[in-house]
Amino acid sequence: MLNIEDIRALCSDETIKATHHFTDRLIKRGIEYDDIIHAIMNGEIIEHYPDDYPYPSALIFGQTIEHDNIHVVAGLGDGELYLITAYYPSLAKWENDYKTRKAVE
């Protein structure tokens, strides 16, 4: 299972791999790259996805530099950190803590 310390250890420009999907989502959602790094370095893992392909990944809850809540999905593999997607969580899907998914009715 991934841990936040391992993710942070690879959170540098030399070891980060951003997928095309990730870059596209950042642009469409108006999210800055520096906010992603800030969220990873100061956030916490709230969900694990051990069966993701090609590498296990995790959902990180953090905040942007301006203190907006943000979610980042990142995976580890072959000594690199893969940034998969990022988004601003919505209260429609998340509880007030933005860490707990609302139950599906």
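Residues numbered from 1 in each chain as written. Predicted model: local features only at pLDDT ≥ 70, side-chain atom pairs only at ≥ 80, totals over all residues. Heavy atoms only, no water.

Peer 1: Before we move on, can you summarise the overall build of the protein chain with the specific residues and values?
Peer 2: Helix and strand counts for the protein chain stand at three helices and five strands. Beginning at the N terminus, the succession of helices and strands in the protein chain can be written as α-β-α-α-β-β-β-β. Compactness check: the protein chain gives a C-alpha radius of gyration of 13 Å against a globular reference of 13 Å for 105 residues, within 12% of the reference. Looking at the 105 residues of the protein chain, the share that counts as buried comes to 40%. Sequence separation of at least 24 residues holds for 51% of the intrachain contacts in the protein chain that already meet a minimum separation of 6. Working note: accessible area of the protein chain is about 6300 Å², and carbon and sulfur atoms make up 50% of it. Computed over 9 positive and 19 negative side-chain charges, the inter-centroid distance for the protein chain is 7 Å. (Helix = DSSP H or I, 4+ residues; strand = E, 2+ residues; numbered from the N terminus. Rg over C-alpha atoms; globule rule 2.2 N^0.38 Å. Buried < 20%, exposed > 50% of the residue type's maximum accessible area, 1.4 Å probe, protein only. Contact = heavy atoms within 4.5 Å. Areas by Shrake-Rupley, 256 points an atom, 1.4 Å probe, with all protein chains shown as cover. Lys, Arg positive; Asp, Glu negative; His and termini not counted. Charge placed at Lys NZ, Arg CZ, Asp CG, Glu CD.)

Peer 1: For the environment of Tyr98, give the residues involved together with the corresponding values.
Peer 2: Mapped onto the fold, Tyr98 is located in the segment after β5 (80-87). For Tyr98 and Val73, which are 25 residues apart along the polypeptide, the C-alpha to C-alpha distance reads 14 Å. Among residues more than four places away in sequence, those in contact with Tyr98 are Ile46, Phe61, Asn69, His71, Pro89, Ser90 and Leu91.

Peer 1: Summarise unusual backbone geometry; cite the residues concerned and give the values.
Peer 2: Residue Pro54 is bonded to the preceding Tyr53 through a cis peptide linkage, with omega at 10°. You can see Pro54 is positioned in the loop between β2 (44-49) and β3 (57-63). The phi torsion at His67 lies on the positive side, around 75°, for a residue other than glycine. Along the chain, His67 turns up in the loop between β3 and β4 (69-77). Taking the relative accessible area as the measure of exposure, His67 reaches 58% and is therefore exposed. The phi dihedral of Tyr98 is positive, around 60°, even though this residue is not glycine. Since its relative accessible area comes to 18%, Tyr98 is described here as buried.

Peer 1: Can you lay out the pattern of salt bridges for me, pointing to particular residues and giving the numbers?
Peer 2: Applying the stated criterion across every chain, the model contains five salt bridges. Lys28 is paired through a salt bridge with Asp24; the nearest N and O atoms lie 3.2 Å apart. Of this pair, Lys28 and Asp24 both sit in helix α2 (residues 20-29), four residues apart, roughly one helical turn. Since its relative accessible area comes to 60%, Lys28 is described here as exposed. Where Glu44 meets Lys99, a salt bridge forms, and the shortest distance between an N and an O atom there is 2.7 Å. Here Lys99 lies in the segment after β5 and Glu44 lies in strand β2, a separation of 55 residues in the sequence. The partly exposed category is assigned to Lys99, whose relative accessible area is 31%. Through salt bridges with shared partners, a single network forms among Asp24, Arg25 and Lys28. (Salt bridge = Lys/Arg side-chain N within 4 Å of Asp/Glu carboxyl O.)

So far we have only geometry, and geometry alone does not tell us how the molecule works.
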